[in-house]
There are 2 protein chains.
Amino acid sequence: MLLSKSCVYGLRAALFLATRKDGEYTPIKGMSEKLEISFHFLTKILQQLTAEGILKSYKGPNGGVKLTKPGHEVTLMDIVLAIDGPKLLTECALGLPGCGLKNPCPLHDKWAETRDSIRDMLENTSLTDLVRKGIEENLRLTDDGDFEDLLRI
Amino acid sequence: MLLSKSCVYGLRAALFLATRKDGEYTPIKGMSEKLEISFHFLTKILQQLTAEGILKSYKGPNGGVKLTKPGHEVTLMDIVLAIDGPKLLTECALGLPGCGLKNPCPLHDKWAETRDSIRDMLENTSLTDLVRKGIEENLRLTDDGDFEDLLRI
DNA sequence: TTATTTTAAGACAAAAGACTCTGTAATTAG
DNA sequence: CTAATTACAGAGTCTTTTGTCTTAAAATAA
Ligand code: SF4
Ligand code: SF4
């Protein structure tokens, strides 16, 4: 897999948070139930995002987490970097030793192209982009629910 | 990582075999030393390739493994499919549940493009292509050796 | 035949990734 | 103040991947 499972879960959660009203803290428990992700595991992942400054958290009743910035200012790349780190952009698909720009194999150019295409996609897509499209086309974040569901909570 | 480590090792070994003379069996032991891959681990990987018909093997003195077909008829995709299976081509990068062609997220088109580009690259590159380029531009298959080395053995 | 060289097969071990559990600290409501 | 609710922290478990080891089977050579 291109992205780790943690990373995909983090993306799902971030999308979920982008559907909530600004300023409101959303408890992780409810999120984990809606998204069908283990509560403790999701907690751990969101702690990373909090540590990276992508989320703000608040303890106690009415506490939870929320996006630090509005959804249209958060790109998928922000989440991926926070959870999986930069290896996606730096590592080569084949990973033949001793090669690279100075000494490329025949795949190098094509792979650089592919990698750039992935990077562009992640950098140029914001959470809000996905939420909007999700609502328009009824994309699900879970197996059974839909976006309408999420907005109604 | 896009490809598993086993798969990368398999590709390295297949490239190595594509440098050898047709018809000669190459012992895995020597290969593992040249490529700096654990002998037993490499054996296991090459057994898969043998089971898939990509390699032929022969036991006993002067035995070893060799490519079933000439190097220019073996694509990188052949190796990848044999070791990592088709999930690279079927799985989505994000893996959001419940979506797909019928119900695409905004990434779907771009991702399909990316995936096609990876597939084309793997399908249209033969072992011989890489070996030729490797010789021309002195690509290494190991940290210290070079292609000249391999050809001299 | 006997010793040697080689792959085949499968059990075993270590490391990494994915997930769980238990307890603690902060915050609020009553 | 007390009890409830929430995130935080870290240890612990399960699974998959990666890698090691041992033994068997096939082939050859002497
Ligand atoms: S030359 Fe480039 S594409 Fe080819 S193996 Fe090296 S880093 Fe990867
Ligand atoms: S719509 Fe396509 S690209 Fe988007 S998450 Fe689903 S399968 Fe992946």
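The present account deals with the structure reproduced in this document. (Residues numbered from 1 in each chain as written. Chains lettered and ligands numbered in written order. Predicted model: local features only at pLDDT ≥ 70, side-chain atom pairs only at ≥ 80, totals over all residues. Heavy atoms only, no water.)

### Some details on the protein's contact with DNA strand D
Near DNA strand D you find 25 residues, and of these Ile-28, Lys-44 and Ser-57 of chain A together with Ser-38 and Phe-41 of chain B are the closest. Sugar and phosphate atoms represent 63% of those atoms of DNA strand D found within 4 Å of the protein. Contact distances for DNA strand D include 2.6 Å between a phosphate oxygen and a side-chain N or O atom of Ser-57 of chain A. Here Tyr-58 of chain B contributes a side-chain N or O atom positioned 3.3 Å from a phosphate oxygen of DNA strand D. For the surface near DNA strand D, the secondary structure elements donating two or more residues are α3 (39–51) and β1 (55–58) of chain A together with α1 (5–19) and α3 (39–51) of chain B. (Near = heavy atom within 4 Å. Polar contact = N/O pair within 3.5 Å; in protein donor to acceptor, adjacent residues only side chain to side chain. Helix = DSSP H or I, 4+ residues; strand = E, 2+ residues; numbered from the N terminus.)

### Quick look at the protein's contact with DNA strand C
Neighbouring residues of DNA strand C: 24 residues in total, closest Ser-38 and Pro-61 of chain A together with Ile-28, Lys-44 and Ser-57 of chain B. Contact distances for DNA strand C include 3.4 Å between a phosphate oxygen and a side-chain N or O atom of Tyr-9 of chain A. For the surface near DNA strand C, the elements supplying multiple residues, two or more each, are α1 (5–19) and α3 of chain A together with α3 and β1 (55–58) of chain B. For the surface near DNA strand C, the per-class residue count stands at nine nonpolar, 10 polar and five charged. (Nonpolar A, V, L, I, M, F, W, Y, C, P; charged D, E, K, R; others polar.)

### So, the interface of chain B and chain A
The partner chain A presents 40 residues to the 40 residues of chain B that form the contact. Here chain B meets chain A over a buried area of about 3,500 Å², counting both sides, of which 67% is carbon and sulfur. In this structure, the connection of chain B to chain A is made through two residue pairs in polar contact (both at pLDDT 80 or more). Those elements giving two or more residues to the side of chain B that touches chain A turn out to be α1, α6 (108–123) and α7 (127–137) of chain B. With seven residues, the top contributor of residues to the side of chain B that touches chain A is α6 of chain B. (Contact = heavy atoms within 4.5 Å. Buried area = accessible area lost by both parts, 1.4 Å probe.)

### Let's talk about the packing of aromatic side chains
All names here are of chain A. All told, the structure shown has four aromatic pairs over all chains when counted by the stated rule. Seen from their ring centres, Tyr-9 and Phe-41 are 5.9 Å apart, and the 90° between their planes marks the pair as edge-to-face. Highlighted residues: Tyr-9 in helix α1 and Phe-41 in helix α3, separated in sequence by 32 residues. If you follow Lys-66 out to its NZ or CZ, it ends over the ring of Tyr-25, 4.6 Å from the centre. (Phe/Tyr/Trp six-rings, centres within 6.5 Å; stacked < 30°, edge-to-face > 60°. Lys NZ or Arg CZ within 6 Å of the ring centre and 35° of its normal.)

### Some details on unusual backbone geometry
Backbone geometry at Glu-36 of chain A places phi at a positive 55°, although glycine is not the residue there. Mapping Glu-36 of chain A onto the fold places it in the loop between α2 (28–35) and α3.

### What to know about the pairing of strand β2 (residues 64–67) of chain B
All names here are of chain B. Taking every second residue as pointing to the same face, both faces of β2 are buried, with Gly-64 and Lys-66 on one and Val-65 and Leu-67 on the other. For β1 and β2, the ladder comprises four bridges, and the chain directions are antiparallel. The residue of β2 that forms the bridge with Leu-55 is Leu-67. Counting the residues in the hairpin turn of β1 and β2 gives five residues, including Gly-60, whose phi is positive at 85°. (Buried < 20%, exposed > 50% of the residue type's maximum accessible area, 1.4 Å probe, protein only. Pairing = 2+ DSSP bridges.)

### Focus: the packing of α1 of chain B against α3 of chain B
All names here are of chain B. Direction vectors running N to C along α1 and α3 enclose 80°, while the axes themselves pass 10 Å from each other. For the element pair α1 / α3, the angle class is roughly perpendicular. On α3, the residues that touch Ser-6, Tyr-9, Gly-10 and Ala-13 of α1 are Phe-41, Leu-42, Ile-45, Leu-46 and Leu-49. Its residues assigned to classes, the contact of α1 with α3 shows seven nonpolar, two polar and no charged. (Axes fitted to C-alpha atoms, helices over the stretch in contact; angles between N-to-C directions. Parallel < 35°, antiparallel > 145°, perpendicular 65-115°, else oblique.)

### So, helix α4 (residues 76–84) of chain B
All names here are of chain B. Burial analysis of α4 places seven of its nine residues in the buried class, which makes it a mostly covered element. Every buried residue belonging to α4 is among Leu-76, Met-77, Ile-79, Val-80, Ala-82, Ile-83 and Asp-84, and all of these are buried. Considering only its buried residues, α4 is in contact with α1, α3, α5 (87–90), α6 and α7. At the C-terminal side of α4, Gly-85 shows a positive phi close to 75°.

### Here we look at the relation of the copies chain B and chain A
When chain B is fitted to chain A, the best match, at an RMSD of 0.0 Å, comes from turning it 180° and sliding it 0.0 Å along the axis. In the structure described here, the two chain copies are related by an operation that fits a two-fold rotation axis. When each C-alpha of chain B is compared by its distance to the rotation axis, Leu-2 of chain B comes out closest, at 2.7 Å. Comparing interface residues between copies, 100% of those in chain B also sit at the interface in chain A, which points to an isologous, same-surface contact. (Least-squares fit on C-alpha atoms with pLDDT ≥ 70 in both.)

### So, the environment of Leu-130 of chain A
Its location among the elements puts Leu-130 of chain A in helix α7 (residues 127–137). For Leu-130 of chain A, a relative accessible area of 2% gives the class buried. With 59 residues separating them along the chain, Leu-130 of chain A and Gly-71 of chain A place their C-alpha atoms 9.7 Å apart. Sequence-distant contacts of Leu-130 of chain A, that is, excluding residues within four places in its chain, are made with Leu-15, Leu-76 and Thr-125 of chain A together with Cys-105, Pro-106 and Leu-107 of chain B.

Just geometry here; none of it tells us what the structure is for.
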